[in-house]
Amino acid sequence: MTATASTVVDGLHLVRHQPRVPSAVTVLLLHGIGGSSQSCAPLAQELADRGIDAWCLDAAGYGESADPADNSHDFVADVLRVADAISPDKPLVLLGTSWGGVLALTTALARPDRVAGLVLADSTRGSGTSPEKAEAMRARARELARRGPDSVATERAPRLVAPGSDPAIVESVRTSMAALRIEGFGAAAEFMASTDHGPRLSDVTCPTLVLFGESDVVTGVDESRLLANRIPGATLHEIADAGHVAIQEQPAVAAGLVTDFLERLS
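Residues numbered from 1 in each chain as written. Predicted model: local features only at pLDDT ≥ 70, side-chain atom pairs only at ≥ 80, totals over all residues. Heavy atoms only, no water.

1. What to know about the overall build of the protein
The line we're drawing: In this text, helices come from DSSP runs of H or I with a minimum length of four residues, and strands from runs of E with a minimum of two, each type numbered from the N-terminal end. Values of the radius of gyration come from C-alpha atoms, whereas the globule rule sets the reference at 2.2 Å times the count of residues to the power 0.38. The buried label goes to any residue with under 20% of its type's maximum accessible area, the exposed label to any with over 50%, and the partly exposed label to all in between, with areas taken from a 1.4 Å probe on protein chains only. Contacts are assigned to residue pairs with any non-hydrogen atoms lying within 4.5 Å of each other.
Of the regular secondary structure elements, the protein holds ten helices and eight strands. Here the C-alpha atoms of the protein give a radius of gyration of 17 Å, agreeing with the 18 Å that 2.2 N^0.38 yields for 266 residues. Projected onto the principal axes, the alpha-carbon positions of the protein cover approximately 45 × 40 × 40 Å. By residue count, 55% of the 266 residues in the protein fall in the buried class. In the protein, of all internal contacts separated by at least 6 residues, the share reaching a separation of at least 24 is 76%.

2. Concerning the layout of surface pockets
Applicable threshold: A pocket, in this scheme, is an open set of points on a 1 Å grid over the protein atoms alone with protein on both sides within 12 Å along at least 5 of 7 lines, while a cavity is a set where a 1.4 Å probe fits but cannot get out; residues line either one if an atom lies within 4 Å of a point. Grid points are joined across faces, edges and corners, and a volume is the space filled by probe spheres set on the points. Note on residue classes: Ala, Val, Leu, Ile, Met, Phe, Trp, Tyr, Cys and Pro are nonpolar, Asp, Glu, Lys and Arg are charged, and everything else, Gly too, is polar.
Estimated volume of the largest pocket: approximately 600 Å³. In terms of lining, the largest pocket is formed by 30 residues, of which the most central are Ser98, Arg140, Arg156, Val218 and Thr219. Those elements giving two or more residues to the lining of the largest pocket turn out to be helix H4 (131-147), helix H6 (167-178) and helix H9 (246-249). Broken down by element, the lining of the largest pocket gets its largest block of residues, four residues, from H4. Tallied by class, residues from the lining of the largest pocket come to ten nonpolar, 14 polar and six charged.

3. Here's the deal with the sheet that holds strand E1 (residues 3-9)
The condition is simple: Any two strands are treated as partners once DSSP identifies two or more bridges connecting them. Each axis is a line fitted through C-alpha atoms, taken for helices only over the stretch in contact, and angles between the N-to-C directions span 0 to 180 degrees.
The sheet built from eight strands is open, its strands ordered E1-E2-E4-E3-E5-E6-E7-E8 with mixed pairing. The open sheet has two edge strands, E1 and strand E8 (235-239), and neither has a second partner. In this sheet, neighbouring strand axes are inclined to one another by 20° on average, regardless of whether the strands run parallel or antiparallel. Sheet analysis places E1 next to strand E2 (residues 12-18), joined by seven bridges and oriented antiparallel. By the bridge assignment for E2, alanine 3 is matched with glutamine 18. Helix H3 (residues 99-110) contacts strand E3 (26-30), strand E5 (92-97) and strand E6 (115-121) of the sheet and is inclined by roughly 155° relative to E6.

4. Digging into the nonpolar core
For clarity, the threshold we go by: Grouping buried Ala, Val, Leu, Ile, Met, Phe, Trp, Tyr and Cys residues that are joined through side-chain atoms within 4.5 Å yields what is termed a nonpolar core.
Residues Leu28, Ile33, Trp99 and Leu118 are the most contacted members of the largest nonpolar core, which totals 61 residues. Excluding residues within four positions of it along the chain, leucine 28 makes contact with Leu14, Trp55, Leu57, Val79, Val82, Ile86, Leu92, Val93, Leu94 and Leu95. By size, the runner-up hydrophobic cluster in this structure holds 25 residues, among which are Ala44, Ile52, Leu211 and Ile239.

5. Focus on the pattern of salt bridges
The condition that has to hold: A side-chain nitrogen of Lys or Arg and a carboxyl oxygen of Asp or Glu constitute a salt bridge if their distance falls within 4 Å.
Scanning all chains against the criterion turns up 15 salt bridges. Arginine 16 serves as the salt-bridge partner of aspartate 53, at 2.8 Å between the closest nitrogen and oxygen. Placement of the pair is aspartate 53 in strand E4 (residues 53-57) and arginine 16 in strand E2, with a sequence separation of 37 residues. Among the residues examined, aspartate 53 registers a relative accessible area of 7% and is labelled buried. As a salt-bridge pair, arginine 181 and aspartate 67 come within 2.8 Å of each other at their nearest N and O atoms. With a gap of 114 residues between them, arginine 181 in the loop between H6 and helix H7 (182-193) and aspartate 67 in the loop between E4 and helix H2 (75-86) connect regions that are remote in the sequence. Using a relative accessible area of 22% as the deciding quantity, one classes arginine 181 as partly exposed. Since its relative accessible area comes to 38%, aspartate 67 is described here as partly exposed.

6. Looking at the side chain of serine 130
Counted only if it meets this: We call two N or O atoms a polar contact when they sit within 3.5 Å, provided that within protein one can donate a hydrogen and the other can accept it, with sequence-adjacent residues counted only if both atoms are side-chain atoms.
You can see serine 130 is positioned in the loop between E6 and H4. A polar contact of 3.1 Å, which involves the side chain of serine 130, links it to the backbone nitrogen of lysine 133.

7. Digging into unusual backbone geometry
At aspartate 10, a position not held by glycine, the phi torsion is positive, near 50°. Take aspartate 10: it is sitting in the loop between E1 and E2. Looking at aspartate 10, the relative accessible area reads 58%, which means it is exposed.

8. Focus: the pairing of E4
Each regular strand carries side chains that alternate between the two faces of the sheet. To be explicit about the condition: Orient the strands so they point away from the viewer; a crossover is then right-handed if the path from the first strand over the helix to the second runs clockwise.
With five of five residues buried, E4 lies mostly within the body of the structure. Two elements, E2 and E4, share four bridges in a ladder whose sense is antiparallel. Along E4, the bridge assignment pairs histidine 17 with alanine 54. Note that E3 and E4 share five bridges and pair parallel. Within the sheet, the bridge partner assigned to valine 27 lies in E4 and is alanine 54. Chirality of the crossover, the property in question, places the unit of E3, helix H1 (residues 37-49) and E4 among those that are right-handed.

Below is the structure:
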């Protein structure tokens, strides 16, 4: 049986999905702006069942992690502190979905020596690609503060999945979003609004896998294709019967693709 255990690194909560035998690779899963470590758990468990040491992080202000002091919080420094704690002797693989993918990309560009590979699931260059998109992202934080997370979650969750998705998955997404805290979401939204990786995608040096749900209408299929086209040597895979939260809707399919990618890193 694989084992699951929680730990805390400098106020950041992680859940480890540990395989039965020691793994040659460590994967750190970074959730989306409306998620938490629990959003990544189905995929992490699938990876652990395939012999991969998978860790799920609650970003600052999410899940069981401490709140950030303000919206200028350094999420990249958090990822690097966690990386040093869970994989001190070798680079690790960052697997980010949506906002988590933007954070993973930022980390890989800042410290390529600490990142062995990237998996970007339904992700984007960031929301700073235009003033309008940046403002729209900041407006989402104001909306969350005004309406409350439960109302926002009930309205938004169905858009994140594919048509006809399992109602249990929709409810899981809604529950995660309903637990959002403005301290975390606001800081994450500012991170997104301030980021445009477009000019630097060609600077990514590590192997990269881009995954996307065929019905992703949030960041959109075209954005994933753009990432794969501009990141040198990146590979692209579509996941059928999935939307923006493809790794939650089809964790076994995603795990198979990630496992194949990791084997090529060896």
